[in-house]
Every structure is written in structure tokens, then in C-alpha cells.
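Structural overview
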Amino acid sequence: MSPAAVRNRRPMVTTVGPVALVTGATQGIGRAIVVALSEAGYRVAVLARTVADVSTVVGEIRHQGGTALPVPADVTDPGDVERALQTVLSEFSALDVLVNNAGTGIRKPFQQMTLSECDCLVDLNLKGVLYCTQAALRHMGARHHGCIINIASRAGCLPEPNLAVYSATKAAVIAFSKALALEARALGIRVFAVCPGPVDTERIRRLAPDVDRSSWLTPQDVARAVVSLASDPSRGTNGAVVELY
């Protein structure tokens with residue numbers, strides 16, 4: 001099925017429950033977050049680039065009785081981001097929570113990084129967050145209500161060798177989250193940065209099958225923190241950087 005066909009298909013939706021949009025929502029941490037939000041009673045918009053993956057996750061959530069909307073989109077394309085948000089508003093009429101999770105990492109010495117690899121990390125890890133947040137703020141600001149949760153990384157707080165560009169993008173996301181929280185507070189919008197340490201995802205298992213992951217976080221650990229921040233206004237000071245280990 002083409003992206004246009006998925007966008008134009010009219011799913012059965014309900015009008016009960018808050019609405020959350022999660023980017024990078026079909027694998028690892030993002031998938032765990034969108035499932036946990038659905039289980040917590042949210043109507044969820046599942047955003048990722050691959051149509052088949054989006055459809056699979058949406059189908060699983062609906063099978064479990066949740067309300068999910070497929071939103072195939074590329075967060076590095078501002079036009080695609082705007083169309084995605086309009087799809088969410090058209091179907092759900094609101095957006096209460098944005099989780100900027102889409103991102104990637106490349107582990108290699110900085111001197112070996114190509115310009116295209118640097119651009120990829122900056123575009124996806126930082127610009128994607130900026131584009132999605134600005135689009136969401138136009139709606140949230142008008143309602144004086146909303147919560148934005150940016151998934152950063154421990155590497156943004158404690159940079160690591162061979163992750164120089166990745167660490168830089170995640171540090172930028174943390175700084176952006178703190179500054180935006182100061183701006184958006186008057187609009188009734190809460191902003192957080194969640195910074196997990198190593199997370200045991202399928203992707204990591206494929207890339208490093210022999211690494212001891214016994215002390216690592218699970219995607220569900222991160223998802224629980226996100227649901228707590230999103231659902232309970234008393235949890236976490238606005239602008240907080242939530243480190244998970």
C-alpha cells in the first residue's frame with residue numbers, strides 16, 4: 001500500500017482519551033512508548049517512514065483494543081511533518097502529547113565520519129525534533145495545553161568517544177528542551193528531555209550480539225518514564241532532564 005493510500009484510508013477512531021503522536025514509533029524505544037501510551041488510554045498516532053512497519057504496529061494496537069492512526073512521514077521533511085500533523089488533527093481533533101523519539105546513531109571515530117553521515121545525524125536527531133515541535137506548538141499553544149517529550153541520550157549529558165556527532169546532537173536536544181520549557185511555560189505546555197543510558201533493543205542485539213546487556217535498560221523502562229511524565233502533571237519539573245540508568 002502506498003503512503004498516500006495509508007494517509008487517505010479512514011480508520012475507525014474514538015473520541016475518548018487524550019492524543020499522543022510518537023515519532024520513530026515502529027521499533028525499539030518508540031514502539032514500546034506507543035504501545036505503553038495506548039495501554040494507558042491514549043489514542044496514538046504512529047509515525048515512521050516505512051509504511052509497512054507503521055501498518056504493522058497500528059494493527060497490533062488495534063488488535064489489543066486500542067485506537068491507533070497510521071502516519072507515514074519523514075521527520076526530516078518539514079512539509080511531510082506538517083501534513084502528518086494535519087492528519088492527526090483531522091482524525092483526532094487534538095494533540096495532547098508529542099514524543100520526539102525518531103533518531104539514529106553512528107559509532108566511529110570523528111575523523112572517519114563522512115559529511116553525509118554528519119548531515120544524517122543532525123537532520124534526524126536535531127532538525128527532526130525542531131520541525132515536529134514547531135508544528136505541534138502551533139496547535140498546543142492555541143489550546144494552552146500540551147506536553148512535549150524529547151528522547152535524548154545519556155551521551156548528550158556525558159559524551160562518549162566514537163560518538164562525537166551523536167553526542168553533540170543529543171546535547172543540543174537537551175539544551176533545546178530546557179530553553180523551550182521556559183518559552184512554552186506561559187502557554188501551559190510542559191517540555192522534558194528523557195536521557196536513557198544503554199537500552200537493549202533488537203537493533204543493538206543485531207549490531208553487537210556478544211555485548212553483555214544484563215544491566216541495560218529495556219525499551220519498556222523508557223516507555224514507563226514517558227507515560228508517567230505525559231500523564232501526571234505533578235511528575236517532573238517543567239524543563240527537567242530525566243536521566244535513566
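Residues numbered from 1 in each chain as written. Predicted model: local features only at pLDDT ≥ 70, side-chain atom pairs only at ≥ 80, totals over all residues. Heavy atoms only, no water.

The first and last C-alpha atoms of helix α2 (residues 28–39) sit 17 Å apart over 12 residues, in line with the 16 Å expected at 1.5 Å per residue. Of all the residues in α2, the buried ones are Ile29, Gly30, Ala32, Ile33, Val34, Ala36, Leu37 and Ser38. Tucked inside the fold, the buried residues of α2 contact β1 (19–23), β2 (43–48), α3 (51–63), β4 (97–100), β5 (146–151) and α9 (219–231). Of the residues flanking the end of α2, it is glycine 41, one or two places downstream, whose phi is positive at about 100°. (Helix = DSSP H or I, 4+ residues; strand = E, 2+ residues; numbered from the N terminus. Expected span 1.5 Å × (residues − 1). Buried < 20%, exposed > 50% of the residue type's maximum accessible area, 1.4 Å probe, protein only. Contact = heavy atoms within 4.5 Å.)

Looking now at the layout of surface pockets. Empty space within the largest pocket amounts to approximately 1,300 Å³. As for the largest pocket, its lining consists of 44 residues, of which Gly103, Thr104, Gly105, Thr201 and Arg203 are closest to the centre. For the lining of the largest pocket, the secondary structure elements donating two or more residues are α2, β2, α6 (154–157), α7 (164–184) and α8 (202–207). Class assignment of the residues belonging to the lining of the largest pocket gives a composition of 21 nonpolar, 13 polar and 10 charged. Around the second largest pocket sit Thr26, Gln27, Gly28, Arg31, Ala32, Val35, Asp200, Thr201, Glu202, Arg205, Pro219 and Gln220, which together line it. For the lining of the second largest pocket, the secondary-structure elements that each account for two or more residues are α2, α8 and α9. When residues in the lining of the second largest pocket are grouped by element, the largest group, 4 residues, is from α2. (1 Å grid on protein atoms, 1.4 Å probe; cavity = no way out; pocket = protein on both sides within 12 Å on 5 of 7 lines; lining within 4 Å. Points joined across faces, edges and corners; volume = space filled by probe spheres on them. Nonpolar A, V, L, I, M, F, W, Y, C, P; charged D, E, K, R; others polar.)

To continue, consider the pattern of salt bridges. When charged atoms on two side chains of opposite charge get close, those side chains can pair. Here the structure, examined in full by the defined rule, presents 9 salt bridges. A salt bridge links glutamate 82 to arginine 138; the nearest nitrogen and oxygen atoms lie 2.4 Å apart. Highlighted residues: glutamate 82 in helix α4 (residues 78–92) and arginine 138 in helix α5 (residues 115–143), separated in sequence by 56 residues. Residue glutamate 82 is classed as partly exposed on the basis of its relative accessible area, which comes to 26%. Arginine 213 is paired through a salt bridge with aspartate 200; the nearest N and O atoms lie 2.9 Å apart. (Salt bridge = Lys/Arg side-chain N within 4 Å of Asp/Glu carboxyl O.)

One can describe the packing of α4 onto α5 by two numbers: an axis separation of 9 Å at closest approach and a directional angle of 40°. You can see that α4 and α5 cross each other, and the crossing is right-handed. Facing α4, whose interface residues are Pro78, Val81, Glu82, Leu85 and Leu89, α5 presents Tyr131, Cys132, Ala135, Ala136, Arg138 and His139. Its residues assigned to classes, the contact of α4 with α5 shows 8 nonpolar, 1 polar and 2 charged. (Axes fitted to C-alpha atoms, helices over the stretch in contact; angles between N-to-C directions. Left-handed = near helix turned anticlockwise from the far one by under 90°.)

Tallied over the entire structure, the rule returns 2 cavities of 30 Å³ or more. Reported here for the largest cavity is a volume of approximately 70 Å³. As for the largest cavity, its lining consists of Leu21, Leu47, Val75, Val81, Ala84, Leu85, Leu98, Cys132, Ala135 and Ala136. Contributions of two or more residues to the lining of the largest cavity are made by α4 and α5. Residues of the lining of the largest cavity, tallied by class, amount to 10 nonpolar, no polar and no charged. In this structure, the second largest cavity occupies an estimated 30 Å³ of space. If you tally residues by element for the lining of the second largest cavity, the top one is α5, at 4 residues.

Before going further, it helps to examine the nonpolar core. Counting residues in hydrophobic clusters, the biggest one holds 35 residues, and the most contacted among them are Ile33, Val34, Leu37, Val44, Val46, Val99 and Ile149. Elements with a contribution of two residues or more to this core: β1, α2, β2, α3, β4, β5, β6 (189–196) and α9. Ranked by size, the runner-up nonpolar core spans 28 residues in total, among them Leu47, Phe92, Ile148 and Ala184. (Core = buried A, V, L, I, M, F, W, Y, C linked by side-chain atoms within 4.5 Å.)

Scope: geometric values only; no functional claims are made or implied.
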